[in-house]
Amino acid sequence: MMKRIGLFLPQSSWGSIDGSAMNKGLGGRETALVALAQEFSKVDVEVYAFVPRGEDGIAREGNIRWIPNGYVIEMSIALDLDLFVSWENTQVLEELKQAGFEGITAIEMQVAHL
């Protein structure tokens, strides 16, 4: 069975996020999330990226689904993810645990801007 990974970005100043967003320019954390999603998808991992989508709704790009981040708790539980990585947000990890999420969670933190 294919592994399932959830990625979460709570907000972005760069608008709607998906694979094509790399072409218009993104910040560091947005670029890291998109690049990580694309790399995971190359090794047959299903990626569920809960990201700012504006009015765009859910989009599919190979093994990656770009999902409005408001669905993060409900869908992460339903999908039975193996790993969940949140960008700079620990609150969502607590909410997942309270909702019964039993997968592995991780946090990615941006260290500094130089």
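Keep in mind that what you see is a predicted model, and the values were worked out from it rather than measured. (Residues numbered from 1 in each chain as written. Predicted model: local features only at pLDDT ≥ 70, side-chain atom pairs only at ≥ 80, totals over all residues. Heavy atoms only, no water.)

A. Layout of the packing of aromatic side chains. Enumeration according to the criterion identifies 2 aromatic pairs in this entry. Consider the rings of Phe84 and Phe101, whose centres lie 6.3 Å apart with planes at 65°: the pair is edge-to-face. Of this pair, Phe84 sits in strand β5 (residues 83-87) while Phe101 sits in the loop between α3 (91-98) and β6 (104-108), and the two are 17 residues apart along the sequence. The pair Phe84 / Phe101 is uniform in exposure class, with both members buried. Taken together, Phe8, Phe84 and Phe101 form an aromatic cluster joined through their ring pairs. (Phe/Tyr/Trp six-rings, centres within 6.5 Å; stacked < 30°, edge-to-face > 60°. Helix = DSSP H or I, 4+ residues; strand = E, 2+ residues; numbered from the N terminus. Buried < 20%, exposed > 50% of the residue type's maximum accessible area, 1.4 Å probe, protein only.)

B. View of the pairing of strand β4 (residues 64-68). Most of β4 sits inside the fold, with 5 of its 5 residues counted as buried. Neither face of β4 is exposed, since Ile64, Trp66 and Pro68 on one face and Arg65 and Ile67 on the opposite face are all buried. In terms of strand pairing, strand β2 (residues 46-51) meets β4 through 5 bridges, oriented parallel. Following the sheet pairing, Val47 is matched in β4 by Ile64. Pairing analysis gives 3 bridges linking strand β3 (residues 59-61) to β4, with the strands arranged antiparallel. (Pairing = 2+ DSSP bridges.)

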